[in-house]
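Residues per chain are reported as follows:
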Amino acid sequence: MAPKPQDTRRVVADNRAARFHYEISDILEAGIALTGTEVKSLRKGKAAIGEAYAGPSGDELFLFNAYIPEYLEANRFNHETKRPRRLLLHRKQINKLIGATKREGYTVVPLKIYFNEQGRAKIELGLGRGKKLHDKRESAKERDWERDRARIMRDKG
């Protein structure tokens, strides 16, 4: 049996609730335009994207409401914690995402912020449609059953 390829990404922030609230249909990787103090703060492992979303501003795509705390050692050269951050994507990808949000009622949801093999900060974006309450209940029921099934299989040996 061949060994599994190692995932060398170092995840900084994970939006676990996004898959519960949204039905994710497409996943993209994008770069983020950050200042130096933001990168240093991310390298310390501090960020929150639970309430963040991506949206158009002009003909660019921006990440709104993502919280990256101030880097304490930066003193007066710090960044604003919840400023809009430009996402680095190809023009075709930007047009696809903007079109999906405007025409088809989709939302661009950040799923993870991580550092790739080259040490660059990347964000994993999901194109998702909001789930209705009954869909969320179904997801919770399915998750609970999987957990119980695994417990039963483990106990019976």
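Structure's up top.
Residues numbered from 1 in each chain as written. Predicted model: local features only at pLDDT ≥ 70, side-chain atom pairs only at ≥ 80, totals over all residues. Heavy atoms only, no water.

Caption draft 1: Molecular detail of the pattern of salt bridges. Tallying each qualifying case throughout the model produces 11 salt bridges. Between Lys-44 and Glu-73 there is a salt bridge whose closest N-O contact spans 3.6 Å. In this pair, Lys-44 sits in the loop between helix H2 (36–43) and strand E3 (53–57) while Glu-73 sits in the loop between strand E4 (60–64) and strand E5 (85–88), placing the two residues 29 residues apart along the sequence. Here Glu-51 and Lys-82 are joined by a salt bridge, their closest N and O atoms 4.0 Å apart. Of the two residues, Glu-51 sits in the loop between H2 and E3 while Lys-82 sits in the loop between E4 and E5, which places them 31 residues apart along the sequence. (Salt bridge = Lys/Arg side-chain N within 4 Å of Asp/Glu carboxyl O. Helix = DSSP H or I, 4+ residues; strand = E, 2+ residues; numbered from the N terminus.)

Caption draft 2: Structural view of the side chain of Asn-116. When you line up the elements, Asn-116 lands in the loop between strand E6 (107–115) and strand E7 (121–130). Relative accessible area serves as the criterion here: at 12%, Asn-116 is assigned to the buried category. In this structure the side chain of Asn-116 is engaged in a polar contact, spanning 3.1 Å, whose partner is the side chain of Gln-118. (Buried < 20%, exposed > 50% of the residue type's maximum accessible area, 1.4 Å probe, protein only. Polar contact = N/O pair within 3.5 Å; in protein donor to acceptor, adjacent residues only side chain to side chain.)

Caption draft 3: Summary view of the pairing of E7. Counting buried positions over the 10 residues of E7 gives 8, a clear majority of the element. Bridge count for E6 against E7 is 8 bridges, and the pairing is antiparallel. Counterpart to Lys-112 in the pairing with E7 is Glu-124. Hairpin connection, E6 to E7: the antiparallel pair is bridged by 5 residues, and Gly-119 has positive phi, about 85 degrees. (Pairing = 2+ DSSP bridges.)

Caption draft 4: Inspection of the nonpolar core at higher detail. With 26 residues, the main nonpolar core has Leu-42, Leu-87, Leu-89, Leu-97, Ile-113, Ile-123 and Leu-125 as its most contacted residues. Secondary structure elements with two or more residues in this core: strand E1 (10–14), strand E2 (22–32), E4, helix H3 (91–103), E6 and E7. Setting aside its immediate chain neighbours within four residues, Leu-97 contacts Leu-28, Leu-61, Leu-89, Val-108 and Leu-127. (Core = buried A, V, L, I, M, F, W, Y, C linked by side-chain atoms within 4.5 Å. Contact = heavy atoms within 4.5 Å.)

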